[in-house]
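Structure assessment
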Amino acid sequence: MLSKRLVDAINDQINYELESSYLYLSMSAYAEATDYLGSAAFFKKQAQEEVGHAMKFFGFLNETGNRVLLAGIKGPEVEFEGFGDLYRKALEHEKTVTARIHNLVDIAAEDKSHEASSFLRWYVDEQVEEEATFNMIVGKLKFVEGSKQGEYLLDKEIGSRA
Ligand SMILES: [Fe+2]
Ligand SMILES: [Fe+2]
């Protein structure tokens, strides 16, 4: 059984996952336009994954007999300050997502919603991975920033993950 506040919070998270997808798609477009083609491919894949996260929540609400209510998606940031800025902002964004997922977990626990508690575990684990990926890239920035050649190589390495 899902409480109304939990259903509302999950609907809000569907919106936020789609907003995340839109942000990463915007980052992909910026990377493409500035010739960081590895990052363009990487962020395009991230954008698709975020749609997947939204759809998992979408399926969960439907399967538990609750109503999905979609709302408008906030327009993403479109201008960035170079290669490093993309990854620092993406890491900050993922930290916000993690806090939001943890909040959902807290609500599920308070409401004794065992089905939601079990379902949300996947997202807790996923956020550990997401933050680790961006932390790893942000950690590498110190070796390359200021060097076009370094950025080129790191961009290429990132592209091979996509
Ligand atoms: Fe996500
Ligand atoms: Fe994510």
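Residues numbered from 1 in each chain as written. Chains lettered and ligands numbered in written order. Predicted model: local features only at pLDDT ≥ 70, side-chain atom pairs only at ≥ 80, totals over all residues. Heavy atoms only, no water.

The chain has the name Ferritin in an unreviewed UniProt entry, where Youngiibacter fragilis 232.1 is given as its organism. Database annotation for the chain, UniProt heading Sequence similarities (unreviewed entry): "Belongs to the ferritin family. Prokaryotic subfamily." A UniProt comment under Function (unreviewed entry) is attached to the chain, and it reads "Iron-storage protein." (UniProt positions renumbered as here; feature names shortened; annotations may be inferred.)

Here's the deal with a nonpolar patch on the surface
A cluster of nonpolar residues, Tyr22, Leu25 and Ile73, forms a patch on the protein surface that exposes about 270 Å² of accessible area. Relative to the helices and strands, Ile73 resides in the loop between α2 (37–63) and α3 (82–110). (Patch = residues over 30% accessible without salt bridge, like charges linked within 9 Å, V, L, I, M, F, W, Y side chains within 5 Å. Areas by Shrake-Rupley, 256 points an atom, 1.4 Å probe, with all protein chains shown as cover. Salt bridge = Lys/Arg side-chain N within 4 Å of Asp/Glu carboxyl O. Helix = DSSP H or I, 4+ residues; strand = E, 2+ residues; numbered from the N terminus.)

Points about the coordination of the iron ion (ligand 1)
Around the iron ion (ligand 1), the protein supplies Glu17 (OE), Glu50 (OE) and His53 (ND1) as donor atoms, at distances of 2.1 Å. All donors of the iron ion (ligand 1) belong to a single chain; written as a sequence motif, their spacing is E-x32-E-x2-H. (Donors = N, O, S within 2.8 Å, 3.2 Å for Na, K, Ca; no water.)

A few points about the UniProt feature "domain: Ferritin-like diiron" (unreviewed entry) in the chain
Residues annotated in UniProt with the feature "domain: Ferritin-like diiron" (unreviewed entry) correspond here to residues 1–145. Taken as a whole, residues 1–145 contains 81% helix and 0% strand, while its terminal C-alpha atoms sit 50 Å from one another.

Some remarks on the environment of Tyr30
Residue placement: Tyr30 occurs in helix α1 (residues 4–33). Here the alpha-carbon distance between Tyr30 and Val105, two residues 75 residues apart in the chain, equals 34 Å. Setting aside residues up to four positions removed in sequence, Tyr30 forms contacts with Val78, Glu79, Phe80, Glu81, Gly82 and Leu86. (Contact = heavy atoms within 4.5 Å.)

Considering the packing of α1 against α3
Close contact between α1 and α3 brings their axes to 11 Å; oriented N to C, the two are set at 170°. When the axes of α1 and α3 are compared, the pair comes out roughly antiparallel. Here the contact of α1 with α3 is built from residues that sort into 16 nonpolar, 5 polar and 7 charged. (Axes fitted to C-alpha atoms, helices over the stretch in contact; angles between N-to-C directions. Parallel < 35°, antiparallel > 145°, perpendicular 65-115°, else oblique. Nonpolar A, V, L, I, M, F, W, Y, C, P; charged D, E, K, R; others polar.)

A short note on the UniProt feature "binding site: Fe cation" (unreviewed entry) in the chain
According to UniProt, the positions carrying the feature "binding site: Fe cation" (unreviewed entry) are Glu17, Glu50, His53, Glu94 and Gln127. A maximum C-alpha distance of 12.9 Å is found for the annotated residues, which run over 111 residues; spatially they form one tight group. Along the chain, His53 falls in helix α2. His53 gets classed as buried once you look at its relative accessible area, which sits at 3%. Apart from the residues lying within four places of it in its own chain, the contact partners of His53 are Glu17, Trp122, Tyr123, Glu126 and Glu130. A polar contact is formed between the side chain of His53 and the side chain of Glu50, at a distance of 2.9 Å. Tracing the chain through its elements places Gln127 in helix α4 (residues 114–144). (Buried < 20%, exposed > 50% of the residue type's maximum accessible area, 1.4 Å probe, protein only. Polar contact = N/O pair within 3.5 Å; in protein donor to acceptor, adjacent residues only side chain to side chain.)

Observations concerning the environment of His93
Locating His93 in the fold gives a position in helix α3. Along the backbone, His93 and Phe119 are 26 residues apart, and their C-alpha atoms lie at a distance of 22 Å. For His93, the residues in contact, after removing those within four places along its chain, are Tyr16, Ser20, Leu23 and Tyr24.

Some remarks on the nonpolar core
The tendency in soluble globular proteins is for nonpolar side chains to be buried as a group. One finds Tyr24, Met27, Phe43, Phe83, Leu86, Tyr87 and Phe134 to be the most contacted residues of the largest nonpolar core, which totals 23 residues. Mapped onto this core, the elements with two or more residues apiece are α1, α2, α3, α4 and α5 (148–159). Once residues lying within four places of it in the same chain are set aside, the contact partners of Leu86 are Met27, Tyr30, Ala31, Phe43 and Phe80. One finds Ile14, Tyr16, Leu61 and Ile101 within the second-largest nonpolar core, a separate group that totals 21 residues. (Core = buried A, V, L, I, M, F, W, Y, C linked by side-chain atoms within 4.5 Å.)

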